Amino acid sequence: MKEIDDKSIETLFNAVLQLKNTDECKKFFTDLCTISELKSMNQRMEVALMLRGKCVYTDIASKTGASTATISRVNGCINYGAGGYNLILDRMEKTDE
């Protein structure tokens, strides 16, 4: 995670922390990212949700269009990463209750 420990990237993280709702997120990320980047991030979140739901790679690939390499990378992050996916997935599960 050394690449993200650069102080200059904190500007982006602090900007994200200023967002208050889904509408603000849509506006900010639409301006910040290309449609392709947004679709890629969304696909990774869908993969993470399906992995958390114990879906198998073939089902995930067919439902999301993600490659097995992408699914494997997301799975690696869930199991051995910095904990970001699990943090968000846990919070999303709590709001669904």
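Anything mentioned here points back to the structure above.
Owing to the predicted nature of the structure, the values given are computational and were not obtained by experimental measurement. (Residues numbered from 1 in each chain as written. Predicted model: local features only at pLDDT ≥ 70, side-chain atom pairs only at ≥ 80, totals over all residues. Heavy atoms only, no water.)

K.L.:
So, the packing of helix α1 (residues 10-17) against helix α2 (residues 22-32): which residues are in play, and what are the values?
P.N.:
Running from amino to carboxyl end, α1 crosses α2 at an angle of 150°, the nearest separation of the two axes being 10 Å. As judged from the angle between their axes, α1 and α2 are roughly antiparallel. Facing α1, whose interface residues are Leu12, Ala15 and Val16, α2 presents Phe28, Phe29 and Leu32. Looking at the contact of α1 with α2 residue by residue, the class counts come to 6 nonpolar, no polar and no charged. (Axes fitted to C-alpha atoms, helices over the stretch in contact; angles between N-to-C directions. Helix = DSSP H or I, 4+ residues; strand = E, 2+ residues; numbered from the N terminus. Parallel < 35°, antiparallel > 145°, perpendicular 65-115°, else oblique. Contact = heavy atoms within 4.5 Å. Nonpolar A, V, L, I, M, F, W, Y, C, P; charged D, E, K, R; others polar.)

K.L.:
Requested: an account of the pattern of salt bridges, with residues and values cited.
P.N.:
Scanning all chains against the criterion turns up 3 salt bridges. Glu93 is paired through a salt bridge with Arg52; the nearest N and O atoms lie 3.0 Å apart. Highlighted residues: Glu93 in helix α6 (residues 84-96) and Arg52 in helix α3 (residues 35-52), separated in sequence by 41 residues. Here the salt bridges share partners, and the residues they tie into one network are Arg52, Asp90 and Glu93. (Salt bridge = Lys/Arg side-chain N within 4 Å of Asp/Glu carboxyl O.)

K.L.:
An account of unusual backbone geometry is requested, with residue identities and associated values reported.
P.N.:
Most peptide bonds adopt trans geometry, and most residues besides glycine take a negative phi value. Despite not being glycine, Lys54 shows a phi value in the positive range, around 65°. Of the residues examined, Lys54 reaches a relative accessible area of 72% and is grouped as exposed. (Buried < 20%, exposed > 50% of the residue type's maximum accessible area, 1.4 Å probe, protein only.)

K.L.:
How would you explain the nonpolar core if you had to name every residue and give the values?
P.N.:
Residues Val47, Ala48, Met50, Leu51, Ile60, Ala66, Ile71, Val74, Ile78, Tyr85 and Leu89 constitute the largest nonpolar core, which totals 11 residues. Sorting elements by how many residues they give to this core places α3 first, with 4 residues. Aside from chain neighbours lying at most four places away, what touches Ile71 is Val47, Leu51, Tyr57, Ile60, Ala61 and Ala66. (Core = buried A, V, L, I, M, F, W, Y, C linked by side-chain atoms within 4.5 Å.)

K.L.:
Talk me through a nonpolar patch on the surface; I want residue IDs and the actual numbers.
P.N.:
Taken together, the side chains of Leu12, Phe13, Val16 and Leu32 define a hydrophobic patch exposed on the protein surface, amounting to about 300 Å² of accessible area. Looking at which element gives the most residues to the nonpolar patch, the answer is α1, with 3 residues. The residue Phe13 is located in helix α1 in this model. (Patch = residues over 30% accessible without salt bridge, like charges linked within 9 Å, V, L, I, M, F, W, Y side chains within 5 Å. Areas by Shrake-Rupley, 256 points an atom, 1.4 Å probe, with all protein chains shown as cover.)

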